[in-house]
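The chain contents come next:
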Amino acid sequence: MRMASSVTVCPSLTRDNSCWPRRTLISSWTTSLRTKRVHNNIVYNEYISDREHIHMNSTQWETLTDFTKWLGKEGYCKVDETPKGWYIQYIDRDPETIRRQEELEKKKKQDLDDEERSAKFIEEQVRRGRGGRVEEEAPVFTELKRESEEEKVAFNLSKGSCSSTGASSKAGSALGPSALQAAGSAKRKAAGHSLESKEKKKSALDEIMEMEEQKKKSVRADHWLFPDIVVKVVTKRLGEKYHKKKGVIKEVQDKYTAVVKMIDSGDKLKLDQSHLETVIPALGKRVLVLNGTYRATEAMLDGINERQFSATLILDSGRLKGRRVEGIAYEDFSKLA
């Protein structure tokens, strides 16, 4: 590489050049690449697009590979070598960025604590709904007997009544048919009232669970990769061999990077989540919810709404198993391998 005659090289940028790598990183990442993992050639090409740039042969590094290794050694970037070359990822040590990351981690921990408290609260409501009752003893069945042929036999079918049939028959004989009808009506009303109160308790519990679900809907993560899901490669940088081809995620690294095994060729690729998209299977197939309220929940695809780009799922795991949910966006679930 030849340096343009119109460019004057600063002495501090010639051999020790402590500010040249910083200038490279700032001009490359603060515009569009940010802290993404990218090929070192992409970063270098963006840097040299500035006509005022410093040429590589004006520095202490003879090749871009040497400079890349130096960035990793000095801790400016994370670097790794692949069959396609060297990749670098800028380490942002800006105090404001670190503070935001710490706040995000703190918020996630707080959300987890809130979920645990909500689960305990629901368990307590269920226990109170049961009223702390101990299971009643099993009824003892006896032989049906009557003292005389003229004595009438009355049957009491209300729950928990296990008195002897002899005593019931005597009481029925003494009170007469009208009294028996009145007693039966009162028992039916009591049973109806008991069912209504159970329904009220159940609906109150449902309301609590719905409130918790609404609370979780506002919490979304910016990463959606999970192992054992089928994804599609959407980047064109890898060529037609992999573009629009499907693979299975075998491993997730740093939340945003996945090791994908291609279904057709069996090749393994290390890709950023921005180079992948979810896969929608046929109806009745199993999927995994990747974001939103039901994150990390397995489900079955029950329907597709093409106008709203969403689907209807039947949850197949967790405490809400069996629930049918609608309006799950295409990008929030993917086919299970």
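Conventions and cut-offs
- Residues numbered from 1 in each chain as written.
- Predicted model: local features only at pLDDT ≥ 70, side-chain atom pairs only at ≥ 80, totals over all residues.
- Heavy atoms only, no water.
- UniProt positions renumbered as here; feature names shortened; annotations may be inferred.
- Helix = DSSP H or I, 4+ residues; strand = E, 2+ residues; numbered from the N terminus.
- Buried < 20%, exposed > 50% of the residue type's maximum accessible area, 1.4 Å probe, protein only.
- Areas by Shrake-Rupley, 256 points an atom, 1.4 Å probe, with all protein chains shown as cover.
- Core = buried A, V, L, I, M, F, W, Y, C linked by side-chain atoms within 4.5 Å.
- Contact = heavy atoms within 4.5 Å.
- Salt bridge = Lys/Arg side-chain N within 4 Å of Asp/Glu carboxyl O.
- Pairing = 2+ DSSP bridges.
- Expected span 1.5 Å × (residues − 1).
- Phe/Tyr/Trp six-rings, centres within 6.5 Å; stacked < 30°, edge-to-face > 60°.
- Lys NZ or Arg CZ within 6 Å of the ring centre and 35° of its normal.
- Arc of directions from axis to C-beta.
- Axes fitted to C-alpha atoms, helices over the stretch in contact; angles between N-to-C directions.

As recorded in an unreviewed UniProt entry, the protein chain goes by the name DNA/RNA-binding protein KIN17, listed as coming from Aldrovandia affinis. As stated in UniProt under Sequence similarities (unreviewed entry), the record for the protein chain gives "Belongs to the KIN17 family." In its Subunit (unreviewed entry) section, the UniProt record describing the protein chain reads: "Associated with DNA polymerase alpha, RFC1 and cyclin A, in multiprotein DNA replication complexes. Also associates with replication origins at the G1/S phase boundary and throughout the S phase in vivo."

## Some points on the overall build of the protein chain
Tallying secondary structure elements over the protein chain gives six helices and 13 strands in all. Within the span of the protein chain, comprising 337 residues, buried residues form 31% of the whole. Counting every atom, the protein chain has about 23000 Å² of accessible surface; 51% of that belongs to carbon and sulfur.

## Observations concerning the nonpolar core
Trp-224, Ile-229, Val-231, Ile-249, Val-260, Leu-271 and Leu-276 are the most contacted members of the largest nonpolar core, which totals 18 residues. If you list the elements that add at least two residues to this core, you get β4 (230–233), β6 (257–262) and β7 (268–272). Of the residues forming this core, the biggest block, three residues, is contributed by β6. The contacts of Trp-224, once residues within four sequence positions are left out, are Ile-229, Val-231, Gln-273, Leu-276, Glu-277, Thr-278, Leu-290 and Arg-295. Val-289, Ala-311, Leu-313 and Leu-315 belong to the second-largest nonpolar core, a separate cluster that totals 16 residues.

## Structural notes on the pattern of salt bridges
The full count for this structure, using the stated rule, is twelve salt bridges. The partner of Arg-220 in a salt bridge is Asp-332, and the shortest N-O contact between them spans 2.9 Å. Pair noted here: Arg-220 is in the loop between α6 (177–217) and β4 and Asp-332 is in the loop between β12 (324–329) and β13 (333–335), with a separation of 112 residues, a long-range link. The partner of Asp-316 in a salt bridge is Arg-286, and the shortest N-O contact between them spans 2.3 Å. With Asp-316 in the loop between β11 (310–315) and β12 and Arg-286 in strand β9 (residues 286–289), this residue pair connects regions lying 30 residues apart in the sequence.

## What about the sheet that holds strand β1 (residues 38–39)?
Pairing in this open sheet of three strands is antiparallel, and the strands run β1-β3-β2 from one edge to the other. Every interior strand has two partners, whereas the edge strands, β1 and β2 (77–82), have only one. In the sheet, β2 pairs with strand β3 (residues 85–90) via six bridges, with the strands oriented antiparallel. Directly across from Glu-81, in β3, lies its bridge partner Trp-86.

## Quick look at helix α4 (residues 95–130)
The first and last C-alpha atoms of α4 sit 53 Å apart over 36 residues, in line with the 52 Å expected at 1.5 Å per residue. Every buried residue of α4 is listed here: Thr-97, Asp-114, Ser-118 and Ile-122.

## Thoughts on unusual backbone geometry
Even without being glycine, Asp-228 reaches a positive phi, approximately 70°. Examined against the element boundaries, Asp-228 turns out to sit in the loop between α6 and β4. Judged by its relative accessible area of 44%, Asp-228 falls in the partly exposed class.

## A short note on the side chain of Asp-332
Judged by its relative accessible area of 9%, Asp-332 falls in the buried class. Every residue in contact with Asp-332, bar those within four places of it in the chain, is listed here: Arg-220, Leu-288, Val-289, Leu-290 and Asn-291.

## Side note on the packing of aromatic side chains
In this structure the tally under the stated criterion is five aromatic pairs. Ring-pair connections join several aromatic residues into one group, and the members of that group are Trp-61, Phe-67, Trp-70 and Tyr-76. One cation-aromatic arrangement involves Arg-37 over Tyr-87; the distance from NZ or CZ to the ring centre is 4.3 Å.

## Topic: helix α3 (residues 64–74)
All of the buried residues along α3 are Leu-64, Phe-67, Thr-68, Trp-70 and Leu-71. On an axial view of α3, the arc spanned by its buried residues comes to 160°, and they lie on one face. Backbone geometry just downstream of α3 places Gly-75 in the positive-phi region, at approximately 85°.

## Let's talk about the sheet that holds β12
Pairing is antiparallel across the open sheet formed by five strands, whose spatial order is β12-β11-β10-β9-β13. Both outer strands of the open sheet, β12 and β13, are each paired with one neighbouring strand and no more. Mean inter-strand twist for the sheet, computed between neighbouring axes without regard to direction, equals 45°.

## What about the UniProt feature "coiled-coil region" (unreviewed entry) in the protein chain?
The UniProt feature table records "coiled-coil region" (unreviewed entry) at residues 98–125 and 194–221. Across residues 98–125, the secondary structure splits into 100% helix and 0% strand, with the terminal C-alpha atoms separated by 41 Å.

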